[in-house]
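Remarks on the overall topology
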Amino acid sequence: MSAAKNLYIPERRRVVIRGNVQGVAFRVWLRTVAQALALGGTCRQLDDGSCEAIVQGPRDLVKQFVVACKRGPGGVEIEGIEQSLLPIEPRAATFTIER
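Residues numbered from 1 in each chain as written. Predicted model: local features only at pLDDT ≥ 70, side-chain atom pairs only at ≥ 80, totals over all residues. Heavy atoms only, no water.

**What about the pairing of strand β2 (residues 40-45)?**
Heads up, the rule is: For each residue, the accessible area found with a 1.4 Å probe, counting protein chains only, is set against the maximum for its type, and the residue is called buried under 20%, exposed over 50%, and partly exposed in between. Each helix corresponds to a stretch of at least 4 residues labelled H or I by DSSP, and each strand to a stretch of at least 2 residues labelled E; elements are numbered beginning at the N terminus. Paired strands are those between which DSSP finds at least two bridges.
Of all six residues that make up β2, five are buried, and the element is covered over most of its length. Looking at chain direction, β2 and strand β5 (residues 95-97) are connected through three bridges and run parallel. Residue pairing for β5: threonine 42 is matched across the bridge by threonine 96.

The structure is reproduced here in structure tokens:
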């Protein structure tokens, strides 16, 4: 498969970001990154203090989102991330903050 065709292969991924991600507008930052990449999905704070993002779109753009999650915005310490692939959701057109 050519590199150009690979750009449009859809992917849906769950990303759990661990670190100092509470009280620093991290979910708003995630939404901004996802919207800039035209990705759909959701994000929410988990009970253990980490943040979960479910993101969907072209594979290469999802990878860019994951790279951004590893870096985080300025002033945030990311301790690590966990990722897993999920089945494609046909209705995931926008990115929203759940809680």
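**Considerations on the nonpolar core**
What counts here: For this analysis, a nonpolar core means a set of buried residues of the types Ala, Val, Leu, Ile, Met, Phe, Trp, Tyr and Cys, connected via side-chain atoms within 4.5 Å. Contacts are assigned to residue pairs with any non-hydrogen atoms lying within 4.5 Å of each other.
Grouped together as the largest cluster of nonpolar side chains are 20 residues, with contacts concentrated most on Ile17, Val21, Phe26, Leu30, Leu39, Phe65 and Cys69. Among the secondary structure elements, those contributing two or more residues to this core are β1 (10-19), α2 (26-36), β3 (51-58) and α3 (59-71). By residue number, the principal contributor to this core is α3, which donates five residues. When near neighbours in sequence (up to four residues on either side) are disregarded, phenylalanine 26 contacts Ile17, Val21, Cys51, Gly72, Pro73, Val76 and Ile78.

**Looking at unusual backbone geometry**
You will see that alanine 25, though not glycine, has its phi angle at about 60 degrees, which is positive. Secondary-structure assignment places alanine 25 in the loop between β1 and α2. Although it is not a glycine, alanine 38 sits at a positive phi angle of roughly 60 degrees. If you trace the backbone, alanine 38 turns up in the loop between α2 and β2. Accessibility expressed as a relative area gives 63% for alanine 38, which makes it exposed.

**Some remarks on the pattern of salt bridges**
Counted only if it meets this: Should a side-chain nitrogen of Lys or Arg be within 4 Å of a carboxyl oxygen of Asp or Glu, the pair is scored as a salt bridge.
One pass over the structure, following the stated rule, counts six salt bridges. A single salt-bridge network, built from bridges that share partners, covers Glu11, Arg13 and Arg59.

**Regarding the sheet that holds β2**
Worth spelling out the cut-off: For helices, the fitted axis covers only the stretch in contact; all axes are lines through C-alpha atoms, and the angles between them, taken along N-to-C directions, range from 0 to 180 degrees.
Here we have five strands laid out as an open sheet, ordered β4-β1-β3-β2-β5, and mixed in their pairing. Each edge of the open sheet is held by one strand with a lone partner, namely β4 (78-86) and β5. Adjacent strand axes in the sheet meet at a mean angle of 20 degrees, parallel and antiparallel pairs treated alike. Across the face of the sheet, α2 comes into contact with β1, β2, β3, β4 and β5 while running at roughly 175 degrees to β5.

**Digging into α2**
Test applied: The directions considered for the arc run from the helix axis to the C-beta atoms.
Inspection of α2 places Phe26, Leu30, Val33 and Ala34 among the buried residues, and these make up the whole buried set. End-on, the buried residues of α2 take up no more than an arc of 95 degrees, which puts them together on one face. Against β1, β2, β3, α3, β4 and β5 lie the buried residues of α2. Trailing α2 by a residue or two, alanine 38 shows a phi angle of about 60 degrees, which is positive.

**Focus: the environment of arginine 91**
Looking at where arginine 91 falls in the secondary structure, it is placed in the loop between β4 and β5. Judged by its relative accessible area of 72%, arginine 91 falls in the exposed class. Sequence separation of arginine 91 and glycine 40 is 51 residues, and the distance between their C-alpha atoms is 8.7 Å.

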